[in-house]
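# Geometric and topological summary
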Amino acid sequence: MNTEHTIRELAHQIWISEGKPEGQSEKHWAQACELAAQKTRHPNPKRSIDPSEATGPTEPEQPDQT
């Protein structure tokens, strides 16, 4: 995926997330450029292995069956 395409998609996502306001395309493009640059500088950010920071689905605690 080329950089312009990435920036265009990011800007579109920002626009949608802000409720599709009119007249904000330059601001959204600048924000998307910064996000794309951050992804380029840090393509694979390290993830924490601390279980207290885990996110995602977890199984509910089951009642004691004894």
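All chains use their own residue numbering, which begins from 1 and follows the written sequence. Whole-chain, interface and lining totals are the exception, using all residues; otherwise, since this is a predicted model, local features are given only for residues with pLDDT of at least 70 and side-chain atom pairs are given and counted only at 80 or more. Hydrogens and waters are ignored; side-chain quantities use all the structure's heavy atoms.

### Re the pattern of salt bridges
For this document, the term salt bridge refers to a Lys or Arg side-chain nitrogen within 4 Å of an Asp or Glu carboxyl oxygen. Inspection of the entire model under this criterion finds two salt bridges. The salt bridge partner of Arg8 is Glu4, with a shortest N-O separation of 2.7 Å. In this pair, Arg8 and Glu4 are both assigned in helix α1 (residues 3-17), four residues apart and thus about one turn of the helix distant. Exposure categories follow from relative accessible area, calculated using a 1.4 Å probe and restricted to protein chains: below 20% of the type maximum is buried, above 50% is exposed, and the middle band is partly exposed. Take Arg8: its relative accessible area is 46%, and that puts it in the partly exposed class. Note that Lys27 and Glu18 form a salt bridge whose closest N and O atoms lie 3.3 Å from each other. Residue classification places Glu18 among the partly exposed positions, given a relative accessible area of 35%. What counts as a helix is a DSSP run of H or I of at least four residues, what counts as a strand is a run of E of at least two, and both are numbered from the N terminus.

### Observations regarding the side chain of His28
Of note, His28 is situated in helix α2 (residues 25-41). Using a relative accessible area of 2% as the deciding quantity, one classes His28 as buried. Discounting residues that sit within four places of it in the chain, His28 has contacts with Ala11, Ile14, Trp15, Glu18 and Pro21. Contacts are assigned to residue pairs with any non-hydrogen atoms lying within 4.5 Å of each other.

### Quick word on α2
A helix is expected to span 1.5 Å for every residue after the first. Helix length check: α2 (17 residues) gives 24 Å between terminal C-alpha atoms against 24 Å at 1.5 Å per residue, within 8%. When α2 is considered as a whole, its buried residues turn out to be His28, Ala32 and Ala36. The buried residues of α2 all sit within an arc of 75° when viewed along its axis, so they share a single face. For α2, the exposed residues lying more than 90 degrees away from the buried face are Glu26 and Arg41. Next to the buried residues of α2 lie α1. Taking the helix axis as origin, the arc is that swept by the directions to the C-beta atoms.

### Focus: unusual backbone geometry
Phi at Lys20 is positive, roughly 60°, even though this residue is not glycine. Structurally, Lys20 is set in the loop between α1 and α2.

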